[in-house]
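Below are the chains, spelled out letter by letter.
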Amino acid sequence: MNWSDRLRDVEEIVDDPQLRAEAARIREEARELRREMLNSQAPPQWDIIKDRVANPLTQLQNRVAEELLKRTGEDVRVPIDKDPVPTQYENAVRRYYERLGSSQ
């Protein structure tokens, strides 16, 4: 399954019409850029691909992740991709961030 199919799956899964429309727009933009590249047989223009597909795709990924976090209803304070603070250091880490936040 290629990334276009996976992006189509995202379109079908998300409930938010804005996210769905953005996924469809990005997929169509990538299709159009690919078509243009094949017709002209020119090398890919990576700056255009980055601006019109890669960056919007990253933003969409972040927005979908935010929506998933909202749906879980959990108070997640640790990023998903990070290990939690070991129990024996929780108080020290909490005090550190409190001091950091109070500019001491």
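Remember, it's a predicted structure, so these values are computed and weren't measured experimentally. (Residues numbered from 1 in each chain as written. Predicted model: local features only at pLDDT ≥ 70, side-chain atom pairs only at ≥ 80, totals over all residues. Heavy atoms only, no water.)

Peer 1: An account of the overall build of the protein is requested, with residue identities and associated values reported.
Peer 2: Across its full length, the protein carries four helices and zero strands. Taken from N to C terminus, the helices and strands of the protein fall in the order α-α-α-α. Counted over contacts in the protein with a minimum sequence separation of 6, partners at least 24 positions apart contribute 47%. Roughly 8,700 Å² of accessible area belongs to the protein as shown, and the carbon and sulfur atoms make up 51% of that amount. (Helix = DSSP H or I, 4+ residues; strand = E, 2+ residues; numbered from the N terminus. Contact = heavy atoms within 4.5 Å. Areas by Shrake-Rupley, 256 points an atom, 1.4 Å probe, with all protein chains shown as cover.)

Peer 1: How would you explain the pattern of salt bridges if you had to name every residue and give the values?
Peer 2: Inspection of the entire model under this criterion finds eight salt bridges. For E28, the salt bridge identified is with R31, shortest N-O distance 2.6 Å. Residue E28 and its partner R31 are located together in helix α2 (residues 17–40), separated by three residues, close to a single helical turn. What makes R31 partly exposed here is its relative accessible area of 34%. A salt bridge links R35 to E32; the shortest N-O distance between them is 2.6 Å. Placement of the pair is R35 and E32 together in helix α2, with a separation of three residues, close to one helical turn. With a relative accessible area of 28%, E32 lands in the partly exposed category. Within the structure, one salt-bridge network assembled from shared partners comprises E22, R25, E29 and R52. (Salt bridge = Lys/Arg side-chain N within 4 Å of Asp/Glu carboxyl O. Buried < 20%, exposed > 50% of the residue type's maximum accessible area, 1.4 Å probe, protein only.)

Peer 1: Describe the nonpolar core, with residues and values.
Peer 2: Nonpolar side chains tend to gather and get buried jointly when the protein is soluble and globular. Membership of the largest hydrophobic core is limited to 10 residues, which are L7, V14, L19, A23, I26, A30, L33, V53, L60 and V64. Breaking this core down by element, the ones donating at least two residues are α2 and α3 (46–72). Element by element, the count of residues in this core is highest for α2, at five residues. Setting aside its immediate chain neighbours within four residues, L7 contacts A23, I26, R27, L57 and L60. (Core = buried A, V, L, I, M, F, W, Y, C linked by side-chain atoms within 4.5 Å.)

Peer 1: Tell me about the layout of surface pockets, residues and numbers included.
Peer 2: Of the pockets and cavities examined, the largest pocket occupies roughly 500 Å³. In this structure, the largest pocket is lined by 19 residues; those nearest its centre are A30, L33, R34, M37 and I49. No other element matches the eight residues that α2 contributes to the lining of the largest pocket. (1 Å grid on protein atoms, 1.4 Å probe; cavity = no way out; pocket = protein on both sides within 12 Å on 5 of 7 lines; lining within 4 Å. Points joined across faces, edges and corners; volume = space filled by probe spheres on them.)

Peer 1: So what about the environment of V14? Which residues, and what values?
Peer 2: Along the chain, V14 turns up in the loop between α1 (3–13) and α2. Measuring from C-alpha to C-alpha, the distance between V14 and V64 comes to 7.9 Å, with 50 residues separating the pair along the chain. In contact with V14, not counting residues within four places along its chain, are L19, R20 and V64.

Peer 1: Which residues make up the environment of E67, and what values do they have?
Peer 2: Within the fold, E67 resides in helix α3. Between the C-alpha atom of E67 and that of V14, which follows or precedes it by 53 residues, the distance is 9.0 Å.

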